[in-house]
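Structure at a glance
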Amino acid sequence: MLACVCGSDLWFYRGISDLPHGGVGHEFIGVVDEIGTDVSGLQVGDFVISPFSFSDGTCRNCQHGFHTACVHGGFFGQGGDGDGGQAEYVRVPQASGTLVKVPGSDFTDETMASLLALTDVMATGYHAAVSADVQAGMTVAVVGDGAVGLSGVLASKLLGADRIIVLGSTHEDRHNLAREWGATDIIQVRGDEAVEQLKKLTDGFGADAVLECVGTKDAAETAFAIAAAGAIVGRVGVPHDVELDAQGTFYRNVGMRGGPAPARHYQPELLKQVLDGSINPGKVFDLTTDLTSPRPTPPWTNDGRSRPSSR
Ligand SMILES: [Zn+2]
Ligand SMILES: [Zn+2]
């Protein structure tokens, strides 16, 4: 079993959120060890990826592609019904509707990392782009260059964006990956200054689609300020103290969509692209460790926008 750490795991780690019971972690892939009596479509020994939430795959919300709103669903590692994924074993509720079987075996470490990225960050970045209605030829702005923001760049490119402007940190390694995945411009300042720079790059109009991949008040304000008239802000960062400007968005016809990504909805398609080598989302990982090693020095910082992920 492989698991990874999400930005939202850090809330427990830092004591910002309480964990009522159970383990932490919701991003994991592994091999089926045991199967419940009601589970179909899976066998012991199957290699599977999981979304960060479990779902039945059959209710109205799942059928409409919103598995994170499943009436029998829930989230892993949040102290609810779902066990934590940072462990040797995890119990997967609604396994038939939740897990996605990976065909083949003997994958490289690089492919394994990319499969792991499909459990949350890549699916979440993709959801931001789909929610923002990114279309071929558009100029897209991505707020945030953590793992989700970078995945949002890759997703925007896949959806045919012509120009991709990242509003990110000052981390050069992130800029390099963003450019590799299709970013054309990177803005390293924040607030009004960032808005001004983006307007300059877009003849004063703003971006055709905006991906909000952070969730802070600052990031949300910037996202709506840089949206061109008629644009949609696709938000996937869990909102923290965010207030929306009802008036300002009204007069510019700016829309908003998004929420917790229905990773399960996107995984079959993204899985195909990982396995045929057309995408390599595992490149967002910058540190590998095991469960027993002494705690490594975390590469992330506490400055909000550069958090490794937004969930
Ligand atoms: Zn996550
Ligand atoms: Zn459902």
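Right, let's walk through the structure included here. What you see is a predicted model, and the numbers here were worked out from it, not measured in a lab.

Right, let's talk about the nonpolar core for a bit. Ile49, Leu115, Met122, Val134, Val140 and Leu211 are the most contacted members of the largest nonpolar core, which has 44 residues in total. Among the elements that line this core, the one with the most residues is helix 6 (residues 147-158), at 6 residues. Residues in contact with Val140, not counting those within four places in the same chain, are Val134, Ser156, Ala161, Arg163, Ile164, Ile165, Ala207, Ala209 and Leu211. Of all hydrophobic cores here, the second largest spans 19 residues; its members include Ala194, Val210, Val214 and Val233.

Turning our attention to the coordination of the zinc ion (ligand 1). Every protein donor of the zinc ion (ligand 1) is listed here as Cys6 (SG), His26 (NE2), Glu27 (OE) and Asp120 (OD), and their distances to the metal cover 1.8 to 2.3 Å. Each of the 4 donor atoms bound to the zinc ion (ligand 1) contributes to angles spanning 98 to 127 degrees, and the resulting shape is tetrahedral. In terms of primary sequence, the donors binding the zinc ion (ligand 1) are separated according to C-x19-H-E-x92-D. Of this pair, Cys6 sits in the loop between strand 1 (2-4) and helix 1 (9-13) while His26 sits in the loop between helix 1 and strand 2 (27-31); the two residues are 20 residues apart in sequence, bridging distant segments of the chain. Judged by its relative accessible area of 1%, Cys6 is buried.

This brings us to the packing of aromatic side chains. Within this structure, the stated rule accounts for 6 aromatic pairs. Where Phe47 meets Phe107, the ring centres are 5.9 Å apart and the plane angle is 40 degrees; that geometry is what we call tilted. Of this pair, Phe47 sits in strand 3 (residues 47-49) while Phe107 sits in the loop between strand 6 (100-101) and helix 4 (109-117); the two residues are 60 residues apart in sequence, bridging distant segments of the chain. Assessed through its relative accessible area of 23%, Phe107 is described here as partly exposed. On the basis of an interplanar angle of 85 degrees and a centroid distance of 5.0 Å, the ring pair of Phe250 and Tyr251 is categorised as edge-to-face. Per residue, the accessibility class of Phe250 equals that of Tyr251, and both read exposed.

So, on to the environment of Leu291. Relative to the helices and strands, Leu291 is located in the segment after helix 11 (263-275). Given the relative accessible area of 58%, Leu291 is considered exposed. Separated by 204 residues in sequence, Leu291 and Ala87 place their C-alpha atoms 7.9 Å apart.

Rules behind the numbers
- Residues numbered from 1 in each chain as written.
- Chains lettered and ligands numbered in written order.
- Predicted model: local features only at pLDDT ≥ 70, side-chain atom pairs only at ≥ 80, totals over all residues.
- Heavy atoms only, no water.
- Core = buried A, V, L, I, M, F, W, Y, C linked by side-chain atoms within 4.5 Å.
- Buried < 20%, exposed > 50% of the residue type's maximum accessible area, 1.4 Å probe, protein only.
- Helix = DSSP H or I, 4+ residues; strand = E, 2+ residues; numbered from the N terminus.
- Contact = heavy atoms within 4.5 Å.
- Donors = N, O, S within 2.8 Å, 3.2 Å for Na, K, Ca; no water.
- Tetrahedral: all angles 85-135°; square planar, octahedral: opposite > 155°, others 65-115°.
- Phe/Tyr/Trp six-rings, centres within 6.5 Å; stacked < 30°, edge-to-face > 60°.

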